Amino acid sequence: MDEQGILHRIQSLVEEERELREKAEAAPPGPAHAPDRARLERIELDLDQCWDLLRQRRAKRQYGENPNEAKPRPPKQVEGYTG
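Residues numbered from 1 in each chain as written. Predicted model: local features only at pLDDT ≥ 70, side-chain atom pairs only at ≥ 80, totals over all residues. Heavy atoms only, no water.

The protein has the name DUF2630 family protein in an unreviewed UniProt entry, where Arthrobacter gyeryongensis is given as its organism.

Following this line, the structure appears as structure tokens:
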């Protein structure tokens, strides 16, 4: 996926996340929203992976490497990154 594709995916995920959060805020609390919470968690992981992939591609390009060699990393690796 090229940078435009990644950015498009990020935009799509952010829109879905916003819609789910607005829906959750408007709804009464209860277990009926468990699927939405699970989806929000998945969206957060997907966003982290997309941002990581975008950073990888940009770093490779900056240092004269092929950005197409950047690969999505597993969620545990991306989530555990501390800088």
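Re the overall build of the protein
Heads up, the condition is: We count a stretch as a helix when DSSP gives it H or I for four or more residues in a row; a strand needs E for two or more, and each element gets its number in order from the N terminus. Taken over C-alpha atoms, the radius of gyration is set against a globule rule of 2.2 Å times the number of residues to the power 0.38. When accessible area is computed with a 1.4 Å probe and restricted to protein chains, residues below 20% of their type maximum are described as buried, those above 50% as exposed, and intermediate ones as partly exposed. Throughout, a contact is declared for two residues whenever any of their heavy atoms are within 4.5 Å. Per-residue and other accessible areas were derived by the Shrake-Rupley procedure at a 1.4 Å probe size, with only the shown protein chains allowed to occlude residues. Residues scored as charged are limited to Lys and Arg (positive) and Asp and Glu (negative), so that His and the chain ends carry no count. Taken as the charge centre is NZ of Lys, CZ of Arg, CG of Asp or CD of Glu, depending on the residue.
A count of helical and extended segments in the protein gives 3 helices and 0 strands. Starting at the N terminus, the α and β elements of the protein follow one another as α-α-α. Since a compact globule built from 83 residues should have a radius of gyration of about 12 Å, the 16 Å found for the protein marks it as more spread out than a globular shape. Taking the principal axes of the C-alpha coordinates as reference, the protein spans close to 55 × 25 × 15 Å. A burial count over the protein gives 28% of its 83 residues as buried. In the protein, the proportion of contacts linking residues at least 24 apart, taken out of those at least 6 apart, comes to 58%. When the accessible surface of the protein is totalled, it reaches about 6,000 Å², and 52% of it is carbon and sulfur. Across the protein, 15 positive and 17 negative side-chain charges occur, with their mean positions spaced 4 Å apart.

Comments concerning helix α1 (residues 3-26)
To be explicit about the condition: Here, expected helix span is obtained from the residue count minus one, scaled by 1.5 Å.
If you check α1, its first and last C-alpha atoms are 35 Å apart, about what 24 residues at 1.5 Å a residue would give, namely 34 Å. Listed as buried for α1 are Glu3, Ile6, Ile10, Leu13, Glu17 and Leu20.

Let's talk about the nonpolar core
Defined as follows: To qualify as a nonpolar core, a set must consist of buried Ala, Val, Leu, Ile, Met, Phe, Trp, Tyr and Cys residues joined through side-chain atoms within 4.5 Å.
One finds Ile6, Ile10, Leu13, Leu20, Leu40, Ile43, Leu47, Cys50, Leu53, Leu54 and Ala70 forming the largest nonpolar core, which totals 11 residues. If you list the elements that add at least two residues to this core, you get α1 and α2 (34-62). The biggest single contributor to this core is α2, with 6 residues. If near-sequence neighbours (up to four positions away) are discounted, leucine 40 is found in contact with Glu17, Leu20 and Arg21.

As for a negative patch on the surface
Counted only if it meets this: Nonpolar side chains (Val, Leu, Ile, Met, Phe, Trp, Tyr) are joined into patches within 5 Å and like charges within 9 Å, using only residues with over 30% relative accessible area and no salt bridge. The salt bridge definition used is simple: a Lys or Arg side-chain nitrogen within 4 Å of an Asp or Glu carboxyl oxygen.
On the surface, Glu15, Glu19, Glu22 and Glu25 cluster together into a patch of negative charge. Relative to the helices and strands, glutamate 22 is located in helix α1.

With respect to the pattern of salt bridges
Scanning the entire structure with this criterion turns up 10 salt bridges. Note that aspartate 52 and arginine 73 form a salt bridge whose closest N and O atoms lie 2.8 Å from each other. Remark: arginine 73 occurs in the loop between α2 and α3 (75-79) and aspartate 52 occurs in helix α2; sequence separation between them is 21 residues. According to the relative accessible area criterion, aspartate 52 is buried, its value standing at 8%. Residue classification places arginine 73 among the partly exposed residues on the basis of a relative accessible area of 31%.

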